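Below, each chain spelled out in residue letters.
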Amino acid sequence: MPEPMHTEDWQSHISRIEQLARAQGLKYHPVEFEVVPESFMTEIAIYGLPVRMPHWSFGVRYIYQLIQHRMGLSRLFEVVFPGNPGRAYLAKSNSAAENVLVTAHVLGHADFSANNMLFRRSQEQVGEHIVEQAAAHARQIAMAIEEHGLERVELVLDAALSLEQHIDIDQGLRRPRYPETIAERAAPANDEFAKRFASLGPDTARPVHSGPARKAPIPPHPESDLLWFIAQYAPDMEPWERDIFLAVREESFYFYPVFACQIMNEGWASYWHARLLREADFLPAASYVDAIKCHSDVVRPTASGDNVALATNPYHLGFSIWEKIVESQGLEAARRIMAEDDDFSFVRNHLTHELATELKLFRFKGPATGTLTVQDMDLPMLHEALLHPKYGFGAPRVSAARIHVDGKLELVHDHVTDGRGLDPERARKVLEYVARVWRRPVSLATVDNDQRSVEISVSPGLTPSFTR
């Protein structure tokens, strides 16, 4: 029986796997690999970065992840951070054969993040050294704690992190404040087209203004980038508080592509680790078999045996779609799709009725603990069921609508677009956080889960009120 491969052997294979990846057409920035203890793996998976600003909410997530791991419901093989260079942390508990697979998987991620347009746009704005930037943010907050005290800094972090998904990815990271005035509209040009247009009737007549420019309203339109808006326009926010909001916002811009391309990205990495393993003739036979077993565990549905999986494994779904694309359209077309798509276009364009049937994907109604009813196969509805949790970075679409004369901030939930109501108690808690940094009353117009209109109002230090 062949001898198993040791950790030292795996490390010696990294360069050979990289050579194989580049020969297969993968293009990526250098990747630094590091083997770390499982406890550290869990920490960086929860914090999202090796070093990040301290906050109690990460501790809550850590406990949840630890319970999941100890119950055998999750296992971390690696955590990857895109950049130049990229960083890959591998669990010390991995076998050498698993690390061979993980290395190939990481190179698939590196290829994806270096070539996908959404990732590239994010890195152009945030930079390619997010690990160092996050460490700088952590130092900045440590200094704020030393100067202003833990309690004050934690109140600001409570508000900023409760809004970390409320950014506008289309506006870009660096954006100016609103214009302070509205320029008066010039009279239309005295040409033949303008005359004919004006003669159509009073509904088409353009108003003629004169006089000085008027003060612009704030915001001039509903503003969904709440982190930016509060950092720029909170009446009494101190500079160090604004800096914390902008640091959280910058990190959110980094995390958005990871969220918006999860199915594509994990599927692409899984496709390439399987393909590279097949080509890696330098691996011992026993190690190859062990690695392929690990691959099967990664890309299978979450249920096993005769059980039915009620959640979708993004590795399984993405891997299956990429295999079909490469098989039917070729690798060059797959690379073009990888560069141009996100999960929304990827699923809608390439999860076909035939593949959904083959993968036994279905929608169901009813509570997970009760009787479930499988619904008819409706492909567009299946697509929407898979993608619905991804809209708006996974958060309800809430916009700043108006600042009143007394400084009150009016927020509006676009429940029509969202297609869902808010939990009033959770919304109230977030408003309490926001009111502490806004230092004026804050209200939110929304609907509850029964689609009844609700207005939640909070004043700093006062009991919130609900109006239906």
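Residues numbered from 1 in each chain as written. Predicted model: local features only at pLDDT ≥ 70, side-chain atom pairs only at ≥ 80, totals over all residues. Heavy atoms only, no water.

A. Quick look at the environment of Arg-336. With respect to the helices and strands, Arg-336 occurs in helix α14 (residues 331-340). The spacing of Arg-336 and Asn-116 is 220 residues in sequence and 9.0 Å in space, taken between C-alpha atoms. (Helix = DSSP H or I, 4+ residues; strand = E, 2+ residues; numbered from the N terminus.)

B. Representation of the confidence of the model for the protein in the model. Mean pLDDT for the protein: 84, with 81% of residues reaching 70 or above. The secondary-structure element of the protein with the lowest mean pLDDT is strand β12 (residues 465-467), recorded at 52, while helix α9 (residues 226-233) shows the highest, at 98. The low-confidence segment residues 1-5 (pLDDT under 50) makes eight contacts with residues lying over four places distant or belonging to another chain. Confidence over residues 303-309 falls short of pLDDT 50; this stretch has six contacts with residues more than four positions distant or in other chains. (pLDDT = per-residue confidence, 0-100. Contact = heavy atoms within 4.5 Å.)

C. A look at the pairing of strand β11 (residues 453-458). Pairing geometry for strand β10 (residues 442-447) and β11, over six bridges, is antiparallel. Note that in β11 the partner of Ala-445 across the bridge is Glu-455. Between β10 and β11, which pair antiparallel in sequence order, lie five residues; one of them, Gln-451, sits at a positive phi of approximately 65 degrees. (Pairing = 2+ DSSP bridges.)

D. Fine view of helix α15 (residues 343-350). Within α15 the residues assigned to the buried category are Asp-343, Phe-344, Phe-346, Val-347 and His-350. Among the structural elements, α10 (239-260), α11 (262-279), α13 (314-329), α14, α16 (353-358) and α17 (379-387) are those in contact with the buried residues of α15. You can read the cap of α15 off the contacts: a side-chain oxygen lies 3.1 Å from the backbone nitrogen of Phe-344, and it is on Asp-342. (Buried < 20%, exposed > 50% of the residue type's maximum accessible area, 1.4 Å probe, protein only. Polar contact = N/O pair within 3.5 Å; in protein donor to acceptor, adjacent residues only side chain to side chain.)

E. The pattern of salt bridges, seen in detail. This structure, assessed with the given rule, holds 18 salt bridges. For Glu-223, the salt bridge is made with Arg-175, and the minimal N-O distance between the two is 3.0 Å. With Glu-223 in the loop between β5 (214-215) and α9 and Arg-175 in the loop between α7 (150-162) and β4 (181-182), this pair connects stretches of sequence that are 48 residues apart. We classify Arg-175 as buried; its relative accessible area is 15%. Between Glu-425 and Arg-428 there is a salt bridge, with its nearest N and O atoms 3.1 Å apart. Here the residue Glu-425 and the residue Arg-428 both occupy positions in helix α19 (residues 424-438), the gap between them amounting to three residues, near one helical turn. What makes Glu-425 partly exposed here is its relative accessible area of 44%. In this structure, a network of salt bridges that share partners links the residues Arg-175, Glu-223, Asp-225 and Arg-249. (Salt bridge = Lys/Arg side-chain N within 4 Å of Asp/Glu carboxyl O.)

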